[in-house]
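# Architecture at a glance
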Amino acid sequence: MPPPRSERGTRFAVVGNPGNRRVALFSAAVRAAGLPGPRVVPWLDVLRDGGAEFAGEETVRVDSPGEDPEVDRLLRDVTDPARVEGSARWYRRFTAAARTLTGGRTLDDADDLAVLFDKRRCHAVLREAGVPVPESPTSGPGAPEVRGWEDVRALMREHRLPRVFLKLAHGSSASGVLAIDTASGGRIRATTSVERTDDGRLFNSLRLRRHHDEREIAAVVDALAPDGLHLERWLPKAAVGGRTCDLRVVVVAGRATHAVARTSRSPMTNLHLGGERGDLAAVRAAVEAAGGDWAGMLAVCERAAACFPRTLCVGVDLLPAVGWRRCAVGEVNAFGDLLPRLTGLPGSGAEGLDTYAAQVRAALRTDPAPVPPHDPRTPHAVTTAAAAPAAAVPAVRA
């Protein structure tokens, strides 16, 4: 095994928001590895200066630009971080800014980020690679543009999708998500964290709302549509302790190293929307008792991560089906590693390490591989007809 890169002069740098917990946790992991703390390059400076340059010996982590109101304003042109609108603008500006980072050895590839933050493109890449994903009529070349509620209704009828998740094409943290359930007799229900004000503005809220009036649902969807929408079949998920369950699995350097179970009594398992961390041991026991394959589930996450070989770490949202024998990948997250105090899975090679320490160790033990020029014939070239993008908007209204 080659000596750790720290013995050959490696220095870490991180592009992030100073004072943010993500930057703090990564910096602590670098120092715990016996290295000087990383050089922090603020996203604010990158956006204002038009880029940043790194020395050849620097290993560069690109971290989330979230949770900073001024950075959010520059990316979305909104003054209230709880606003939902502006995600298409965020995506264009963020992906452009990621391409202005030059030099050094980056742990997060700009081409990968552009796919990971477009749910339509990401879904198509996973599907083409044989990764199980929910059925979607809005991913891949030639997919129709969703211009509003009438298009959503038409796609649901055409593809026989009575229950769907409707998502902002580039959202995260359940921003702009609607879980829509239809039944005979014209009955309909949409569950969402989106709050629409009397003047038509949209805000993320901590309180889930359930709408039964199709006119209200249509008004929300029509307001979201300019930022780009992605439609997926709503897969019934397995339950543990009477609560539906999914998994966030962190994959570092190709290995599933960390996992957390998320449970909820609502369609959304996000912790800020009432979801709770579940008992991972109980989940594994349920899988094995049902004759399912726990190792196989983790392997599905590794296959999803392998679609992004130029990025060291991703967080995979895994959806176990009722019965625990099948699963699908709901999303792959570029910044899905914020799981404080969670240590590695047994047998993962990251036992005793949090997600950041696992990444630091992987970066130190891995010589930089030559990155071939991007080939437009590779899966990352998959595009969609709808060009409008969106963003991660963690801020919410109480």
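As a reminder, the structure under discussion sits directly above these lines.
Anyway, here's the lowdown on the structure attached to this text. (Residues numbered from 1 in each chain as written. Predicted model: local features only at pLDDT ≥ 70, side-chain atom pairs only at ≥ 80, totals over all residues. Heavy atoms only, no water.)

## Topic: the pattern of salt bridges
- Using the criterion set out here, one finds 33 salt bridges in the structure.
- The partner of Arg89 in a salt bridge is Asp77, and the shortest N-O contact between them spans 3.7 Å. Placement of Arg89 in helix 4 (residues 87–98) and of Asp77 in the loop between helix 3 (69–76) and helix 4 is noted, with a sequence separation of 12 residues between them.
- Given a relative accessible area of 30%, Arg89 falls into the partly exposed group.
- Residue classification places Asp77 among the partly exposed positions, given a relative accessible area of 45%.
- A salt bridge links Asp246 to Lys237; the nearest nitrogen and oxygen atoms lie 3.3 Å apart.
- For Asp246, a relative accessible area of 4% corresponds to the buried category.
- The network of salt bridges with shared partners includes Lys237, Asp246, Arg248, Arg262 and Asp317. (Salt bridge = Lys/Arg side-chain N within 4 Å of Asp/Glu carboxyl O. Helix = DSSP H or I, 4+ residues; strand = E, 2+ residues; numbered from the N terminus. Buried < 20%, exposed > 50% of the residue type's maximum accessible area, 1.4 Å probe, protein only.)

## Quick word on the nonpolar core
- Judged by nonpolar contacts, the single largest core of 58 residues is most densely connected at Leu126, Val283, Val329 and Val332.
- A per-element tally of this core places helix 10 (residues 294–305) first, with seven residues.
- For Val332, the contacting residues outside a window of four places in its chain are Leu116, Cys122, Leu126, Ala304, Phe308, Val314, Gly315 and Val316. (Core = buried A, V, L, I, M, F, W, Y, C linked by side-chain atoms within 4.5 Å. Contact = heavy atoms within 4.5 Å.)

## A short note on the packing of helix 7 (residues 149–158) against helix 8 (residues 214–224)
- Look at helix 7 against helix 8: their axes get within 8 Å of each other, and the N-to-C directions meet at 110°. Our classification of the angle between helix 7 and helix 8 gives roughly perpendicular. In this structure, helix 7 contributes Trp149, Val152 and Arg153 to the contact, and helix 8 contributes Glu214, Ile217, Ala218, Val221 and Asp222.
- A breakdown of the residues in the contact of helix 7 with helix 8 according to their chemical character gives five nonpolar, no polar and three charged. (Axes fitted to C-alpha atoms, helices over the stretch in contact; angles between N-to-C directions. Parallel < 35°, antiparallel > 145°, perpendicular 65-115°, else oblique. Nonpolar A, V, L, I, M, F, W, Y, C, P; charged D, E, K, R; others polar.)

## Looking at the side chain of Asp72
- Topologically, Asp72 is positioned in helix 3.
- Owing to a relative accessible area of 10%, Asp72 belongs among the buried residues under this scheme.
- Polar side-chain contacts of Asp72 include one of 2.8 Å to the side chain of Arg76.
- Asp72 has contacts with Asp77, Val78, Pro81 and Trp90, leaving out every residue within four places of it along the chain. (Polar contact = N/O pair within 3.5 Å; in protein donor to acceptor, adjacent residues only side chain to side chain.)

## Quick look at the sheet that holds strand 9 (residues 229–233)
- Taken together, five strands build an open sheet; the order of strands is 8-7-6-5-9 and the sheet is antiparallel. Edge positions in the sheet fall to strand 8 (202–211) and strand 9, since each of these pairs with one other strand and no more. Strand-to-strand twist in this sheet, taken as the mean axis angle between neighbours without regard to direction, amounts to 25°.
- Bridge count for strand 7 (residues 188–196) against strand 8 is six bridges, and the pairing is antiparallel. Among the inter-strand pairings, Glu195 is bridged to a residue of strand 8, identified as Phe203.
- Helix 6 (residues 119–128) rests against strand 5 (163–168) and strand 9 of the sheet, and its axis sits at about 40° to strand 9. (Pairing = 2+ DSSP bridges.)

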